[in-house]
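# Examining the three-dimensional arrangement
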Amino acid sequence: MDLLNTLVDKGLRRELPSREEALAVLATSDDDLLDVVAAAGKVRRKWFGRRVKLNYLVNLKSGLCPEDCSYCSQRLGSKAEILKYTWLKPEDASKAAAAGVAGGAKRVCLVASGRGPTDRDIDRVSKTIEAIKEQNEDVEVCACLGLLSAGQAERLREAGADAYNHNLNTSEATYGGITTTHTYADRVDTVQQAQAAGMSACSGLIAGMGESDEDLVDVVFSLRDLDPDSVPVNFLIPFEGTPLAKEWNLTPQRALRILAMVRFVCPDVEVRLAGGREVHLRSMQPLALHLVNSIFLGDYLTSEGQEGKADLDMIADAGFEVEGAGTTTLPAHRADVAGAGCGGGSCGPCGDDSAVPAADAVPEAPVAEAVGAGQDARTDLVAVRRRGAGTDLPPNA
């Protein structure tokens, strides 16, 4: 169709599609789904070949967060029966990270619940980064600690952090309906602090919270403007005990269209398939590899993911290959300026429960009708993590 031909041409030139074109991708029919995937796949292969980057999450501190992000199992007032523990010791976090690296992960993402780190927390994480780098010199380390205060990004960079994650999650217009304890502007500011400190910025979204097509396009265009090097795309995991537990709005087809739209808007960016892929893509996960060039290996922060070996088998069976430690992820024109965005205006949780921006009586945004109306809620696929960091059981990697 003309739309897809136009989007492929633009993607190969790193040209931004129009909002109308991005919305049109989300509005395509299931009959056209394979055509959409094939078109976006051409753009993905142009900039990333058939490589898949593996990332591994280590939850340094789980639960007991003072923020009220509606999607989060660690939120204030959450009744989700997740693991709760305070800071892992650096040696324990390094051991957990080593399991992911042994499974093929190129990047380790260190995540801690909370509004943002204290200076003492920065000291803790700095020691953890040093411990990980001592054991695995070439591994990339991404920190995800919430809102940063002045000088903290620089300290993390000096400690060896390569990247910082802070997701926008949803559109600015709907943000106040998701959280009330910090603002969208706070979140943008933290990403910009990370970029200014020389870290590679990682910022993405959560789909499936009841947002409209317009909201999805808004947040992806905002991410394009913010210009992170990697964009994780999370799909809401509706944990029982959270305000969004009943939000089952996604079908596998819808999830694939969202990923395709992100690829067209951010053609040369590391698009990462993140939390919720097993819940919402299910048996169609391999098709997503034609759209994304990065995934999380194994488990997430508070939920269990697909077995690590199954991830590796899926990649191989689909005809893709795991990206090696000696390979630069980003295309040359972006890699030259990684850590400060791609430059020139061309264009990402880590995981399933990252913190979000709020505050002065923002009116609650209207919630879109369920896109997956009529679909069965697959609560059987939401498994609380009971292994790995914070437990005595071996991790999934």
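In what follows, the accompanying structure is described.

### Considerations on the overall build of the protein chain
Helix and strand counts for the protein chain come out as 13 helices and ten strands. Counting across all 397 residues of the protein chain, residues that qualify as buried make up 61%. Taken as a whole, the protein chain presents about 14,600 Å² of accessible surface, with 49% of it coming from carbon and sulfur.

### Notes on the packing of helix 3 (residues 33-48) against helix 9 (residues 252-265)
Viewed as axis vectors pointing N to C, helix 3 and helix 9 meet at an angle of 40 degrees, and their least axial separation amounts to 9 Å. Here helix 3 and helix 9 pass one another in a crossing that is left-handed. Residues Leu33, Val36, Ala39, Ala40, Val43, Arg44 and Phe48 of helix 3 form the contact with helix 9, whose participating residues are Gln253, Leu256, Arg257, Ala260, Arg263 and Phe264. In terms of residue class, the contact of helix 3 with helix 9 is built from nine nonpolar, one polar and three charged.

### Description of the environment of Glu304
Mapped onto the elements of the fold, Glu304 is located in the loop between strand 9 (294-296) and helix 12 (308-317). Linking Glu304 and Gly276, residues 28 residues apart in sequence, is a C-alpha distance of 9.7 Å.

### Notes on the packing of aromatic side chains
Counted according to the given criterion, the structure contains one aromatic pair. Positioned over the ring face of Trp47 is Lys46, at 5.3 Å from the centre of the ring.

### Brief notes about helix 8 (residues 213-226)
Between its first and last C-alpha, helix 8 extends 20 Å over 14 residues, near the 20 Å set by a 1.5 Å rise per residue. Along helix 8, the residues that are buried comprise Asp215, Leu216, Val217, Val219, Val220, Phe221, Leu223, Arg224 and Leu226. Summarising the contacts, the buried residues of helix 8 are in contact with helix 2 (19-26), helix 7 (184-196), strand 6 (205-207), strand 7 (230-235) and helix 9. In the segment just after helix 8, Asp227 is the residue with positive phi, at about 65 degrees.

### Remarks on the pairing of strand 7
Counting buried positions over the six residues of strand 7 gives six, a clear majority of the element. Here three bridges tie strand 6 to strand 7, and the two strands are oriented parallel to one another. If you follow Ile206 over to strand 7, its bridge partner there is Asn234. With respect to chirality, the unit in which strand 6 leads through helix 8 into the neighbouring parallel strand 7 is right-handed. Judged from the four bridges that link them, strand 7 and strand 8 (residues 270-273) form a sheet pairing that is parallel. For Val233, the partnering residue across the bridge sits in strand 8 and is Leu273. Crossover strand 7 to strand 8 through helix 9 is right-handed.

### Here we look at unusual backbone geometry
Here the phi dihedral of Asp227 falls at roughly 65 degrees; this positive angle occurs in a residue that is not glycine. Structurally, the position occupied by Asp227 is in the loop between helix 8 and strand 7. You can call Asp227 buried: its relative accessible area is 9%. A positive phi is found at Arg282, a non-glycine position, where the angle reads about 55 degrees. Tracing the backbone through its elements, the reader meets Arg282 in the loop between helix 10 (277-280) and helix 11 (285-288).

Calculation criteria
Residues numbered from 1 in each chain as written. Predicted model: local features only at pLDDT ≥ 70, side-chain atom pairs only at ≥ 80, totals over all residues. Heavy atoms only, no water. Helix = DSSP H or I, 4+ residues; strand = E, 2+ residues; numbered from the N terminus. Buried < 20%, exposed > 50% of the residue type's maximum accessible area, 1.4 Å probe, protein only. Areas by Shrake-Rupley, 256 points an atom, 1.4 Å probe, with all protein chains shown as cover. Axes fitted to C-alpha atoms, helices over the stretch in contact; angles between N-to-C directions. Left-handed = near helix turned anticlockwise from the far one by under 90°. Contact = heavy atoms within 4.5 Å. Nonpolar A, V, L, I, M, F, W, Y, C, P; charged D, E, K, R; others polar. Phe/Tyr/Trp six-rings, centres within 6.5 Å; stacked < 30°, edge-to-face > 60°. Lys NZ or Arg CZ within 6 Å of the ring centre and 35° of its normal. Expected span 1.5 Å × (residues − 1). Pairing = 2+ DSSP bridges. Right-handed = clockwise from strand over helix to strand, strands pointing away.

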